[in-house]
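Structural overview
So the chains spell out like this:
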Amino acid sequence: MAQVPQTFFDALAVRTWCGLALTALGRAREEIDAINVYPVADGDTGTNLYLTVESAATAVEAVFAGYEAGSGAGSAPVGKPALADAARAMAHGALIGARGNSGTILAQLLRGMAQVLAAEGEASHTDGRGLRLALRRAADSARQAVAHPVEGTVLSVASAAADAAEKAAGAPGTEVDCGIVARAAHEGACAALAATPGQLAVLRHAGVVDAGGRGLVAVLAALVETFTGEAPAFSAAGTADPARGEAGRADDGTIRTAGDGEGRAQDCADGPEGAGGPAFEVIYLLEAEDAAVARLRRRLDALGDSLVVVGGDGLWNVHVHVDDAGAAVEAGVDAGRPHRIRITHFGVGDAHTRGSERPPRERVQRAVVAVVPGEGLAGLYAEAGATTVLARPGEPPASGELVQAVRRAHAREVVLLPNDADLRHTAAAAAEQARTEGIRVALIPTRSAVQGIAALAVHEPGRRFDEDVVSMTSAAGATRHAEVVVAERQSWTMAGICQAGDVLGLVDGDVAVIGSDVTATAATVLNRMLSAGGELVTLVLGDEAPPGVAEHLQARVREAYLAVDTVVYRGGRQGALLLIGVE
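1. Looking at the packing of aromatic side chains
Tallied over the full model, the rule gives 2 aromatic pairs. Seen in terms of ring centroids, F9 and W17 are 6.3 Å apart; in terms of plane orientation they differ by 70°. Their pairing is edge-to-face. A centroid spacing of 5.3 Å and a plane angle of 85° characterise the contact between F9 and F227, whose relative ring orientation is edge-to-face. Here F9 is found in strand β1 (residues 9–10), whereas its partner F227 is found in helix α9 (residues 211–228), with 218 residues between them in sequence.

Structural data, given as structure tokens:
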């Protein structure tokens with residue numbers, strides 16, 4: 001349906017733009033995923049851009065819903081949000097929901113625009129000159145957020161869009177139609193997108209344009225439709241030159257490539273990533289001061305590549321590709337408070353981790369996806385090859401997040417470890433959804449992260465899927481689990497009545513010990529568990545565990561249980577003070 005055109009940029013235009021951009025990316029998602037070869041050929045750029053814009057649109061809708069609620073029956077109308085309110089919501093939503101390298105850069109583009117639009121204060125709208133400034137700030141801030149900017153990427157497309165918008169903005173002091181500026185930006189972006197194969201060898205060899213740039217063109221097309229009521233045709237200048245292996249366009253405007261899939265895959269290996277690269281993608285939100293973030297940038301830049309740090313005002317989104325996922329998370333912990341941590345292990349079929357003989361889109365045979373309760377465990381699981389989903393206290397993941405993690409694992413077969421009894425139905429729903437997409441999924445009903453550790457320890461991707469699942473299930477089932485927590489309120493338990501502040505020892509999900517001291521309660525719990533036998537004790541310490549508790553428990557095991565070994569891990573902000581596993 002055609003939109004009602006308008007010549008200025010106000011809160012309603014922000015809302016309309018987000019909705020149209022989400023629709024446009026939804027239509028183009030599979031196409032964009034298919035041409036994703038840089039910086040990693042993991043086929044998720046379209047999906048990541050869609051999820052990022054979805055988060056931005058949701059935040060803008062929440063602002064409008066708040067105003068509409070204030071104008072309910074019996075109350076005086078409160079009008080609509082100011083442009084600044086809607087722009088800030090858009091930027092914040094994109095920041096907290098950014099996915100992948102492309103989504104993180106898009107979040108910074110939207111934040112740059114919002115900084116200009118919000119500077120209008122309580123003004124209800126801005127004109128084409130304001131839009132021109134916003135596009136310029138967007139392009140410049142995105143480039144500054146990337147540790148090592150590369151031409152031929154979405155950064156080039158954004159800069160070209162801003163350049164074209166500046167030329168269309170008219171003379172100072174004159175009011176300019178936003179539609180004119182938006183259309184010029186879109187046309188400039190299309191031309192720059194067509195040029196990306198000539199700027200980046202990996203694109204030229206694969207016969208495609210930059211996937212992130214293609215996504216930005218879709219977002220700018222939605223901006224044109226917002227102001228003109230019509231979506232522009234997707235076109236790009238100078239695209240069709242199959243003899244040079246460059247990307248071209250079909251008659252319907254979709255991207256076409258030179259040569260077949262096998263030829264593109266082999267050529268792509270000659271690109272900059274062909275020699276291999278870091279094995280993990282690490283993304284997290286970070287609450288930190290500017291000075292700490294500057295130090296974090298330097299530290300992460302030394303650990304890996306594809307570093308993008310966006311945000312400001314105390315909240316940042318960090319994206320990096322590394323071999324040591326734990327070190328990347330620890331760097332965030334040292335800088336501030338990381339949360340919503342996502343760690344993805346690139347499959348051996350991904351261009352970032354392959355040799356020249358392997359095609360970039362080949363799926364790995366098998367992967368493990370695990371829900372983990374803390375940053376430290378996320379790093380531990382990721383180093384063992386698992387794709388992780390972080391579950392913060394009081395923020396259990398939804399089934400959609402688990403499905404997305406299964407997709408990110410990029411495998412034909414997936415073993416899913418929920419590591420929480422309360423997540424069994426959520427995990428089952430996610431597994432069923434993934435199966436409809438042709439992925440073979442086995443759900444192992446692990447009830448604790450220590451059971452997941454035991455299962456992961458016996459995981460053997462080389463053996464038959466059913467045998468691997470049986471072995472992992474057996475290892476998890478043979479691991480008794482416990483946790484030590486602090487009671488939040490008075491409650492009846494199987495061990496009696498506890499008061500707020502009491503230390504509780506839960507064994508296999510039920511309260512078995514009520515105490516006043518963490519170390520003493522943990523020792524009592526461990527003794528009860530080892531009374532039934534055991535060969536290995538696993539201790540996972542939370543950030544708030546008292547000093548010395550691990551050493552005390554290790555000493556107790558050495559003195560009383562000579563044949564039992566003990567391993568200790570740091571779990572980070574995991575909710576429980578201590579997790580205990582006995583196998």
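2. Side note on the packing of helix α1 (residues 11–34) against α9
Packed helices, taken two at a time, are described by the angle their axes make and the gap between the axes. Here α1 crosses α9 at 140°, and the two axes come no closer than 8 Å. Handedness of the crossing formed by α1 with α9: right-handed. Along its contact with α1, which presents A13, T16, W17, L20, A21, A24, L25, A28, E31 and I32, the element α9 presents A211, R214, G215, A218, V219, A222, L223, E225, T226 and F227. Tallied by class, residues from the contact of α1 with α9 come to 14 nonpolar, 3 polar and 3 charged.

3. A look at the layout of surface pockets
There is about 1,300 Å³ of room inside the largest pocket. Lining of the largest pocket is provided by 47 residues; of these, E483, V485, Q574, G575 and A576 occupy positions nearest its centre. Counting only elements with at least two residues in the lining of the largest pocket, the list comes to β9 (364–372), β13 (480–486), β14 (491–493) and β16 (503–507). Here the lining of the largest pocket takes 5 residues from β13, the largest share from any one element. Here the lining of the largest pocket is composed, by residue class, of 24 nonpolar, 11 polar and 12 charged. Within this model, the second largest pocket holds a volume of roughly 650 Å³. Along the walls of the second largest pocket sit 28 residues, with R99, R340, R342, G400 and E401 positioned nearest its centre. If you list the elements that add at least two residues to the lining of the second largest pocket, you get α2 (45–70), α3 (83–97), β8 (337–345), β10 (387–390) and α14 (399–409). Partitioning the lining of the second largest pocket into residue classes produces 11 nonpolar, 7 polar and 10 charged.

4. Observations concerning the nonpolar core
Counting residues in hydrophobic clusters, the biggest one holds 83 residues, and the most contacted among them are F9, W17 and L131. Top element by residues in this core is α1. It accounts for 12 residues. For L131, the residues in contact, after removing those within four places along its chain, are F9, M113, T126, C178, V181, A182, L223 and F227. Membership of the second largest hydrophobic core comes to 54 residues, among which are L300, L390, C498 and L504.

5. Considerations on a negative patch on the surface
Taken together, the side chains of D323, D324, E330 and E383 present a region of like negative charge at the surface. Along the polypeptide, D324 turns up in the loop between β7 (315–322) and α12 (325–335). Relative accessible area serves as the criterion here: at 37%, D324 is assigned to the partly exposed category.

6. Details of the pattern of salt bridges
Applying the stated criterion to the full structure yields 23 salt bridges. Between R88 and D85 there is a salt bridge, with the nearest N and O atoms lying 3.9 Å from each other. Of this pair, R88 and D85 both sit in helix α3, 3 residues apart, which is roughly one turn of that helix. Between D140 and R136 there is a salt bridge, with its nearest N and O atoms 3.6 Å apart. Here R136 and D140 lie together in helix α5 (residues 128–145), a separation of 4 residues that amounts to about one turn. A residue is classified by how much of its surface remains accessible, and D140, at 34% relative accessible area, is partly exposed. Beyond isolated ion pairs, a larger network of salt bridges with shared partners links R366, E413, R440, R463, R464, D466, E467 and D468.

7. A word on the sheet that holds strand β17 (residues 510–515)
The 6 strands lie next to each other as β17-β16-β13-β20-β18-β19, forming an open sheet whose pairing is mixed. On the outer flanks of this sheet lie β17 and β19 (565–572), each paired with one strand and no other. The mean inter-strand angle of the sheet, taken between neighbouring strand axes irrespective of direction, is 20°. Looking at chain direction, β13 and strand β20 (residues 578–582) are connected through 5 bridges and run antiparallel. Considered in β20, the bridge of E483 is made with L579. Strands β18 (536–542), β19 and β20 of the sheet are contacted by helix α13 (residues 375–383), whose axis makes an angle of about 120° with β19.

8. A closer look at the environment of L530
Assignment of secondary structure puts L530 in helix α18 (residues 518–530). The spatial distance from the C-alpha of L530 to the C-alpha of V582 is 7.3 Å, given a sequence separation of 52 residues. Apart from residues lying up to four places away in sequence, L530 is in contact with V537, V557, Y561, V564 and V582.

9. Let's talk about empty space enclosed by the protein
Overall, the coordinates contain 5 cavities of 30 Å³ or more when judged by the stated rule. Space inside the largest cavity adds up to approximately 120 Å³. Surrounding the largest cavity, 14 residues form its lining, L109, L135, A138, L216 and L220 being those nearest its centre. Among the secondary structure elements, those contributing two or more residues to the lining of the largest cavity are α4 (100–118), α5, α6 (154–168) and α9. If one sorts the elements of the lining of the largest cavity by residue count, α4 sits on top with 4 residues. Residue composition of the lining of the largest cavity, grouped by class: 14 nonpolar, no polar and no charged.

10. Focus on unusual backbone geometry
In terms of backbone geometry, most residues other than glycine have negative phi values and most peptide bonds are trans. Its identity is not glycine, yet N419 carries a phi of approximately 60°, on the positive side. Counting through the fold element by element, N419 comes out in the loop between β11 (411–417) and α15 (424–436). A positive phi is found at D508, a non-glycine position, where the angle reads about 50°. When you line up the elements, D508 lands in the loop between β16 and β17. A relative accessible area of 33% places D508 in the partly exposed class.

11. Focus on the environment of Y50
Here Y50 shows up in helix α2. Separated by 48 residues in sequence, Y50 and A98 have C-alpha atoms that sit 9.4 Å apart. Beyond its immediate sequence surroundings of up to four residues, Y50 is in contact with L22, L25 and G26.

Parameters at a glance
Residues numbered from 1 in each chain as written. Predicted model: local features only at pLDDT ≥ 70, side-chain atom pairs only at ≥ 80, totals over all residues. Heavy atoms only, no water. Phe/Tyr/Trp six-rings, centres within 6.5 Å; stacked < 30°, edge-to-face > 60°. Helix = DSSP H or I, 4+ residues; strand = E, 2+ residues; numbered from the N terminus. Axes fitted to C-alpha atoms, helices over the stretch in contact; angles between N-to-C directions. Left-handed = near helix turned anticlockwise from the far one by under 90°. Contact = heavy atoms within 4.5 Å. Nonpolar A, V, L, I, M, F, W, Y, C, P; charged D, E, K, R; others polar. 1 Å grid on protein atoms, 1.4 Å probe; cavity = no way out; pocket = protein on both sides within 12 Å on 5 of 7 lines; lining within 4 Å. Points joined across faces, edges and corners; volume = space filled by probe spheres on them. Core = buried A, V, L, I, M, F, W, Y, C linked by side-chain atoms within 4.5 Å. Buried < 20%, exposed > 50% of the residue type's maximum accessible area, 1.4 Å probe, protein only. Patch = residues over 30% accessible without salt bridge, like charges linked within 9 Å, V, L, I, M, F, W, Y side chains within 5 Å. Areas by Shrake-Rupley, 256 points an atom, 1.4 Å probe, with all protein chains shown as cover. Salt bridge = Lys/Arg side-chain N within 4 Å of Asp/Glu carboxyl O. Lys, Arg positive; Asp, Glu negative; His and termini not counted. Charge placed at Lys NZ, Arg CZ, Asp CG, Glu CD. Pairing = 2+ DSSP bridges.

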